[in-house]
Amino acid sequence: MKTTKSPRRVLLVAHLTGRLCLPDYSHRSSPKKFTQPQLFACLVLKEFLQLDYRKLAALLRDAPELTAEIGLKSVPHFTTFQKAADRLLLAPQARKLLDETLNVARRRKQLKSRSHLAALDGTGWESHHVSSYFVKRRASCSKYWQKTTYKTFPKAGVLCDTRSHLILAIVPGQGPGPDIKHFRRALDEAIMRQPIDALVADAGYDAEHSHEYAREECGVNTFIPPLIGRPTKKGPSGFWRRRMTRVLKRSRYTQRWQSETVNSMLKRLMGSALRARRYQAKCRELHLRALTLNVMIVRRKRVFYKAVPTGFLTRMK
């Protein structure tokens with residue numbers, strides 16, 4: 001099977017991230033056939049190439065040069081990848097990996113030590129690989145037991161740096177529902193990883209308490225259009241919402257489209273439908289997609305690679 005240079009670079013950056021963040025083995029009594037950084041790099045490669053676990057194992061068997069890059073002496077069984085995903089992509093572990101992708105980006109000077117502007121937006125994915133035409137036809141079926149409709153879908157709040165498009169925080173969830181419910185969690189996770197001066201978000205996050213929490217407790221200037229509620233000739237209630245009507249047009253809110261760009265990158269590069277079926281598995285897959293996008297951004301230029309815990313990076317051949 002022919003491989004290109006791009007998957008090799010993604011694999012190397014993902015392996016580097018794993019080496020800087022994960023221990024080699026999850027337990028002292030583990031079989032020690034594969035390291036956790038190697039398995040994480042393979043999972044990122046799977047998402048990058050839009051494969052399932054079986055196809056990933058087949059690819060690695062057909063492309064030994066990829067396994068040689070990360071020191072894999074044998075190709076894991078596809079169930080090994082599935083179990084590794086269940087273990088490595090739990091929320092606490094996924095947050096650590098996301099932290100490390102940003103650390104690597106800072107060392108490569110792709111991410112500044114402080115984000116002058118960040119953008120937040122919510123976006124949804126398809127639950128299954130089913131065409132919208134099929135769902136539409138089945139939903140209009142006269143026999144109720146043959147109808148096909150989906151009441152819920154995977155959804156996530158994505159907070160990104162507008163300059164680099166790196167994801168600073170992702171909060172997986174389930175839709176439909178208001179975007180504002182993940183505002184505080186996304187902001188808290190982002191400022192733990194990266195200082196932020198200003199945040200722009202659409203009207204889905206409009207609320208006086210959103211401005212108060214971000215500005216007074218987190219020290220982040222917020223720019224959100226005050227459009228929530230029924231149309232009225234009266235001005236919006238609340239000090240910060242009234243202020244938005246005066247300053248929003250001459251503020252940096254015009255850069256909010258950067259969040260739409262990141263959401264588009266997630267869906268164009270890795271697909272708009274998730275492969276997982278259970279809720280927790282969908283959350284893990286969304287974490288993996290955010291990690292994969294950050295790795296793809298980091299590998300754009302010539303990367304510096306030496307997978308050692310000290311963080312010293314040398315130029316990759």
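You'll find the structure just up there.
Residues numbered from 1 in each chain as written. Predicted model: local features only at pLDDT ≥ 70, side-chain atom pairs only at ≥ 80, totals over all residues. Heavy atoms only, no water.

### Comments concerning the side chain of aspartate 202
Along the chain, aspartate 202 turns up in the loop between β4 (198-201) and α9 (208-217). Apart from residues lying up to four places away in sequence, aspartate 202 is in contact with Leu120, Asp121, Asp179, Ile224, Pro225, Tyr253 and Arg256. (Helix = DSSP H or I, 4+ residues; strand = E, 2+ residues; numbered from the N terminus. Contact = heavy atoms within 4.5 Å.)

### Here's the deal with the packing of helix α2 (residues 36-48) against helix α12 (residues 279-298)
Helix-helix packing: each pair is described by the crossing angle between the helix axes and the interaxial distance. The geometry of α2 relative to α12 is characterised by a closest axis approach of 9 Å and an angle of 90° between their N-to-C directions. By the angle between their directions, the pair α2 and α12 is classed as roughly perpendicular. In this structure, α2 uses Phe40, Leu43, Val44, Lys46, Glu47 and Phe48 to contact α12, whose residues at the interface are Glu285, Leu288, Arg289, Leu291, Thr292, Val295 and Met296. Residues that form the contact of α2 with α12 fall into these classes: eight nonpolar, one polar and four charged. (Axes fitted to C-alpha atoms, helices over the stretch in contact; angles between N-to-C directions. Parallel < 35°, antiparallel > 145°, perpendicular 65-115°, else oblique. Nonpolar A, V, L, I, M, F, W, Y, C, P; charged D, E, K, R; others polar.)

### Regarding the packing of α2 against helix α3 (residues 53-62)
α3 packs onto α2 with a crossing angle of 110° between their chain directions and a minimal axis gap of 10 Å. One finds that α2 runs roughly perpendicular with respect to α3. Contacts between α2 and α3 pair Cys42, Leu43, Leu45 and Lys46 from the former with Tyr53, Leu56, Leu59 and Leu60 from the latter. Residues that form the contact of α2 with α3 fall into these classes: seven nonpolar, no polar and one charged.

### What about the packing of aromatic side chains?
One pair of aromatic rings is described through two measures. These are the centre distance and the angle between the planes. In the structure shown here, the tally under the stated rule is two aromatic pairs. Pairing phenylalanine 183 with tyrosine 205 gives two aromatic rings, centres 6.0 Å apart and planes at 45°, and the pair type is tilted. Separated by 22 residues along the polypeptide, phenylalanine 183 in helix α8 (residues 183-193) and tyrosine 205 in the loop between β4 and α9 bring together distant segments of the chain. The same class applies to phenylalanine 183 as to tyrosine 205, namely buried. For the ring pair phenylalanine 239 and tryptophan 240, a centre distance of 4.9 Å and an interplane angle of 80° mean the geometry is edge-to-face. Look at phenylalanine 239 and you get partly exposed, because its relative accessible area is 47%. Above the face of the tyrosine 53 ring, lysine 46 is positioned so that its terminal group lies 5.0 Å from the ring centre. (Phe/Tyr/Trp six-rings, centres within 6.5 Å; stacked < 30°, edge-to-face > 60°. Buried < 20%, exposed > 50% of the residue type's maximum accessible area, 1.4 Å probe, protein only. Lys NZ or Arg CZ within 6 Å of the ring centre and 35° of its normal.)

### A word on helix α6 (residues 91-107)
The end-to-end C-alpha separation of α6 is 25 Å, in line with the 24 Å expected for 17 residues at 1.5 Å each. All of the buried residues in α6 are Ala94, Leu97, Leu98, Glu100, Thr101, Leu102, Val104 and Ala105. (Expected span 1.5 Å × (residues − 1).)

### Some words on the sheet that holds strand β1 (residues 118-124)
Backbone-to-backbone hydrogen bonds pair the strands of a sheet. The strands run either parallel or antiparallel. Read across the sheet, five strands follow the order β3-β2-β1-β4-β5 without closing on themselves; strand pairing throughout is mixed. Strand pairing shows two members of the sheet lacking a second neighbour, β3 (167-175) and β5 (221-223), which therefore form its edges. With direction set aside, neighbouring strand axes in the sheet form an average angle of 20°. In terms of strand pairing, β1 meets strand β2 (residues 153-161) through seven bridges, oriented antiparallel. Along β2, the bridge assignment pairs threonine 123 with alanine 156. (Pairing = 2+ DSSP bridges.)

### Let's talk about α8
Buried residues of α8: Phe183, Ala186, Leu187, Glu189, Ala190 and Arg193, and no others. Projected down its long axis, α8 carries its buried residues within an arc of 165°, all on one side. (Arc of directions from axis to C-beta.)

### Considerations on a positive patch on the surface
Together, Arg242, Arg243, Arg246 and Arg250 make up a region of like positive charge exposed at the surface. What makes arginine 243 partly exposed here is its relative accessible area of 32%. (Patch = residues over 30% accessible without salt bridge, like charges linked within 9 Å, V, L, I, M, F, W, Y side chains within 5 Å. Areas by Shrake-Rupley, 256 points an atom, 1.4 Å probe, with all protein chains shown as cover. Salt bridge = Lys/Arg side-chain N within 4 Å of Asp/Glu carboxyl O. Lys, Arg positive; Asp, Glu negative; His and termini not counted. Charge placed at Lys NZ, Arg CZ, Asp CG, Glu CD.)

### A closer look at the pairing of β2
Within β2, eight of the nine residues are buried, leaving the element largely enclosed by the surrounding structure. For β2 and β3, the ladder comprises eight bridges, and the chain directions are antiparallel. Following the sheet pairing, cysteine 160 is matched in β3 by isoleucine 167. Between β2 and the antiparallel strand that follows it, β3, lie five residues; histidine 165 among them carries a positive phi value of about 65°.

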